[in-house]
Amino acid sequence: MATTTKHEIGKWDTFHSNGPFDTKVLYKTSLAGKGNMPSWLDRYNDAAAEIQRLLKEALDHQEGFRAYGSAWSMNHIAHHNDNMHFNAEMNLKKAILDDEMHPDSAFQRENLFFVQCGNTIKELHKFLFDHGKALKASGASNGQTIAGCISTGVHGSAIDVGSVQDYVVGLNLIIGPDANDIVYLERASEPALNDVFADRIKARVIRDDDLFNAALVGLGAFGFIHGVLIEGEDRYLLKRYVRKIPKELALELAETMDFANSAFVIPSETDANGKGLRPFHYKIFINPYRNDPEYVVEAIYKKPYQPDYPDPVPRMKTAIYRDLIVLFTKIAEKYKNSIPKLIRLLQNSVLPPPDLEATGTLGEIFWDAGYQGPAYACAVGIDHKDSPRALAILTKLAREEGPIPGIYAMRFVKQSRATLAFTKFRVNCMLEIDGLIWKPKKNNMISLEKFCTRTIELLLQNNIPFTIHWGKNADWKFPGLVAHMYGVKAGEWMHQRRKLLSKEQAKLFSNGFLYEVNLAEAVV
């Protein structure tokens, strides 16, 4: 049987030390041993029963409950004062069987995989690869759990693919302790699995497009995500290039996304007429403290899979231009204990020379996180057409009201159908600044909190529509923030939540973050 350990911890913190936060109890559930319970299905349902037991205990004590995985979010979205549950050991996964497919499904059975909440992206890369498949996209690294990714909308820079939640086609939610509180949810317009599958996991079926789209980026508020049905695709390779190009050209591509008619051409990545191909991934790195004539860009192109390619992992382990925080900490390694010296370095140094090229799978190119210490990250989502103007405004903020220890990047992502996805524009520019946490009084600098507030104020003053990454640093208490970013969609998200959860269940899965952003109660 699944077993849960209980720890009265008092304090809880994120992976990047963005707390600590007061917490009474931390639970960790371990699955029944395969030797004692050989059946995958029995172990999965046994884990569900254990989660329901914990939810009943929380309800009986009129307390809240919050699940988390790798704790990579840089705010308190995953936190709860009462009870928290560490999911990482809940990592069962399976391919879908013929008799589990819905008769009206347009999905290919061999592309569908049902995975438990605690699976990390790295685990899923390997599992799908062993089945001849691949994930469609990931974030900049691979340590997040699948439930955490979709709950906060983790994105990469897959221009025509989208974020992690955009290849999810089914959700298994546990919303309470009763038999009817295990739900299998998918879109009515895109059914994937049948009632046979739902019966096997002891779930009632809900097929509802609006409810599914709301729960997809659910901020942990639609119940305990126990299982996720994802759609993969055939294995493929990615060819990665890092180049320095004129700043004007880099920003022109950001604004137009017109690679076919751009002066930016990689000779080996052209069509029959010599025009540049559209990359799978496009990213720009920016030092806000220098008016450099050139920007470093990362362009990645999708290739058919072939087995005889050189192992890229040794190169990617040492690559500088990967996750933004990896680049920054590489620049800062000599001065990480002296913020003033670090700022002077940024003001007087160009970015390092471009990395070597590399070819590999998605899981190899976006490899393990290279930095695991205290850090901050702020990211706003804007329409790519507004990206040069927004960049000018926010780099000016860093220079004139800062400085702060960080550098900017821009990534570009396809629109999501999830109701509260921050990738809400047709093509999104995720404009982000990452760096090391600093002490404003000690260093006589603007605080991170004030910087986040000014970011919102400046975008509002300049009439640039925006969203904010749910898992990153921001002034989440800014008045009317979510209503401004999402308008009627915020109310729709709450309406769908009320359709699924009773008042008691809604309270169970609400936390301080949700109350701060006015999503735990009706948006007026």
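This part covers helix H15 (residues 488-500). Across its 13 residues, H15 extends 19 Å between first and last C-alpha, which sits within 8% of the 18 Å expected from 1.5 Å per residue. Listing the buried residues of H15 in full gives Ala490, Trp493, Met494, Gln496, Arg497 and Leu500. Summarising the axial view, the buried residues of H15 lie within an arc of 160°, below the 170-degree limit, and thus occupy one face.

Here we come to the packing of aromatic side chains. The full count for this structure, using the stated rule, is 23 aromatic pairs. Considering the side-chain rings of Trp12 and Tyr68, the 5.2 Å spacing of their centres and the 70° angle between planes classify their relative orientation as edge-to-face. Separated by 56 residues along the polypeptide, Trp12 in strand S2 (residues 10-12) and Tyr68 in strand S5 (residues 65-68) bring together distant segments of the chain. The burial state of Trp12 is the same as that of Tyr68; both residues are buried. With a centroid separation of 5.5 Å and an interplanar angle of 40°, the aromatic rings of Phe15 and Trp72 are classed as tilted. Taken together, the residues span a long stretch of sequence, with Phe15 in the loop between S2 and strand S3 (21-23) and Trp72 in the loop between S5 and strand S6 (83-86) at a distance of 57 residues. On the accessibility criterion, Trp72 (21% relative accessible area) is partly exposed. Linked through ring pairs, Trp40, Tyr44, Phe114, Tyr184 and Phe197 together constitute an aromatic cluster. A cation over an aromatic ring shows up here: Lys94 above the ring of Trp40, its NZ or CZ 5.8 Å from the ring centre. Directly above the ring of Trp367 sits Lys122, whose terminal nitrogen or CZ lies 4.7 Å from the centroid.

Attention now moves to unusual backbone geometry. For the bond running from Gly19 to Pro20, omega is 0°, close enough to zero to count as cis. If you trace the backbone, Pro20 turns up in the loop between S2 and S3. With omega at 5°, the peptide bond leading from Gly402 into Pro403 counts as cis. One non-glycine residue with positive phi stands out, namely Ser17, at about 60°. Even without a glycine there, the phi angle at Met257 is positive, about 55°. If you trace the backbone, Met257 turns up in the loop between helix H6 (247-256) and strand S16 (281-286).

Next up on the list: the pairing of strand S17 (residues 294-304). With 11 bridges joining them, strand S15 (residues 236-246) and S17 adopt antiparallel strand pairing. In the strand pairing of S17, Arg240 is matched with Ile300. Inspection of the sheet shows S16 paired to S17 by five bridges, in the antiparallel sense. Bridge assignment links Phe285 to a residue of S17, and that residue is Val296.

Calculation rules
Residues numbered from 1 in each chain as written. Predicted model: local features only at pLDDT ≥ 70, side-chain atom pairs only at ≥ 80, totals over all residues. Heavy atoms only, no water. Helix = DSSP H or I, 4+ residues; strand = E, 2+ residues; numbered from the N terminus. Expected span 1.5 Å × (residues − 1). Buried < 20%, exposed > 50% of the residue type's maximum accessible area, 1.4 Å probe, protein only. Arc of directions from axis to C-beta. Phe/Tyr/Trp six-rings, centres within 6.5 Å; stacked < 30°, edge-to-face > 60°. Lys NZ or Arg CZ within 6 Å of the ring centre and 35° of its normal. Pairing = 2+ DSSP bridges.

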